[in-house]
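Observations on chain architecture
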Amino acid sequence: QVQLVESGGGLVQAGGSLRLSCTASGITFSSYAMGWFRQAPGKQRELVAGIGSGGRTLYLDSVKGRFTISRDNAKNTVYVQMNSLNVEDTAVYYCAARSGPVLGGASWWKKWGQGIQVTVSS
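These figures come from a predicted structure and were not determined experimentally. Every chain's residues receive numbers from 1 upward, in the order its sequence appears when written. Only residues with pLDDT of at least 70 get local features here, since the model is predicted, and only at 80 or more are side-chain atom pairs given and counted; chain-wide, interface and lining totals rely on the full set of residues. Based on all heavy atoms of the structure, the side-chain values leave hydrogens and waters out of the count.

The next point concerns the pattern of salt bridges. Should a side-chain nitrogen of Lys or Arg be within 4 Å of a carboxyl oxygen of Asp or Glu, the pair is scored as a salt bridge. Counted under the stated rule, the structure contains four salt bridges. Taking the shortest distance from any N to any O, the salt bridge between Lys 64 and Asp 61 comes out at 3.0 Å. The same class applies to Lys 64 as to Asp 61, namely exposed. Between Asp 89 and Arg 66 there is a salt bridge, with its nearest N and O atoms 2.8 Å apart. Of this pair, Asp 89 sits in the loop between strand S8 (77-82) and strand S9 (91-99) while Arg 66 is found in the loop between strand S6 (57-59) and strand S7 (67-72), placing the two residues 23 residues apart along the sequence. Through salt bridges that share partners, Arg 38, Glu 46, Arg 66 and Asp 89 make up one connected network. Residue burial is assigned from relative accessible area. The probe radius is 1.4 Å, only protein chains are included, and a residue is buried under 20% of its type maximum, exposed over 50%, and partly exposed in between. Strands here are runs of E lasting at least two residues and helices are runs of H or I lasting at least four, both read from the DSSP assignment and numbered beginning at the N terminus.

See below:
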């Protein structure tokens, strides 16, 4: 049974930082691409950052230079460090896993965490 468990969300002021973590079980973590998606009310779920099994990364344009995704295969955990947060970053953030390369569309990702709220106040 696959489980992806997110942690680290919460409320932060604009300009602040948060680090989200996602610990996986039930998959061969090192072989999977991992991604962080977000979904704000009334908007589609979008890929914020992804990291392939080989470490190649992909970022949403609006977070480049502010967010950094990383993975620790020994801990079966993927992280996203989020700096210089702004109110537009407010959303539910989801961890996802897929066998194969990082792809931008949410429909390509079959394994999902429950999601965690990130709220940035002005």
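There's more to say after this.
Moving on, we come to the state of the cysteines. Counting rule for disulfides: a pair of cysteine sulfur atoms within 2.5 Å. Counting across every chain of the model gives one disulfide. In this model, Cys 22 is linked to Cys 95 through a disulfide, with the two sulfur atoms separated by 2.1 Å. Classification of the bridge connecting Cys 22 and Cys 95 rests on its S-S torsion, roughly -75°, and on that basis the disulfide is left-handed. Highlighted residues: Cys 22 in strand S3 (residues 18-25) and Cys 95 in strand S9, separated in sequence by 73 residues.

The subject of this paragraph is the packing of aromatic side chains. Ring pairs are drawn from Phe, Tyr and Trp, using the six-membered ring of Trp, whenever the two centres fall within 6.5 Å, and their geometry is named by plane angle: stacked under 30 degrees, edge-to-face over 60, tilted for the rest. Scanning the model with the defined rule gives three aromatic pairs in all. Summarising the aromatic geometry, the rings of Tyr 94 and Trp 112 are spaced 6.3 Å apart at their centres and angled 85° between planes, so their arrangement reads as edge-to-face. Of this pair, Tyr 94 sits in strand S9 while Trp 112 sits in strand S10 (residues 111-112); the two residues are 18 residues apart in sequence, bridging distant segments of the chain. Taking the relative accessible area as the measure of exposure, Tyr 94 reaches 14% and is therefore buried. What makes Trp 112 partly exposed here is its relative accessible area of 27%. Members of the aromatic cluster, joined through ring pairs, are Phe 37, Tyr 94, Trp 109 and Trp 112.

Within a regular strand, side chains alternate between the sheet's two faces. Of the two faces of S7, only the one carrying Phe 67, Ile 69 and Arg 71 is buried; Thr 68, Ser 70 and Asp 72 on the other face are not. By this definition, two strands are paired if DSSP reports at least two bridges between them. One ladder, built from six bridges, connects S7 with S8; its direction is antiparallel. Following the sheet pairing, Arg 71 is matched in S8 by Val 78. The loop that links S7 with its antiparallel partner S8 comprises four residues; one of these, Asn 76, has a positive phi angle of about 55°.

Moving on to the environment of Gln 117. Tracing the chain through its elements places Gln 117 in strand S11 (residues 116-121). With 61 residues separating them in the primary sequence, Gln 117 and Arg 56 have C-alpha atoms 26 Å apart. Within the local environment of Gln 117, its side chain forms a polar contact with the side chain of Thr 119, the two groups lying 3.2 Å apart. Definition of a polar contact: a pair of N or O atoms within 3.5 Å, with one able to donate and the other able to accept a hydrogen when the atoms are protein atoms, and with sequence-neighbouring residues admitted only if both atoms are side-chain atoms.

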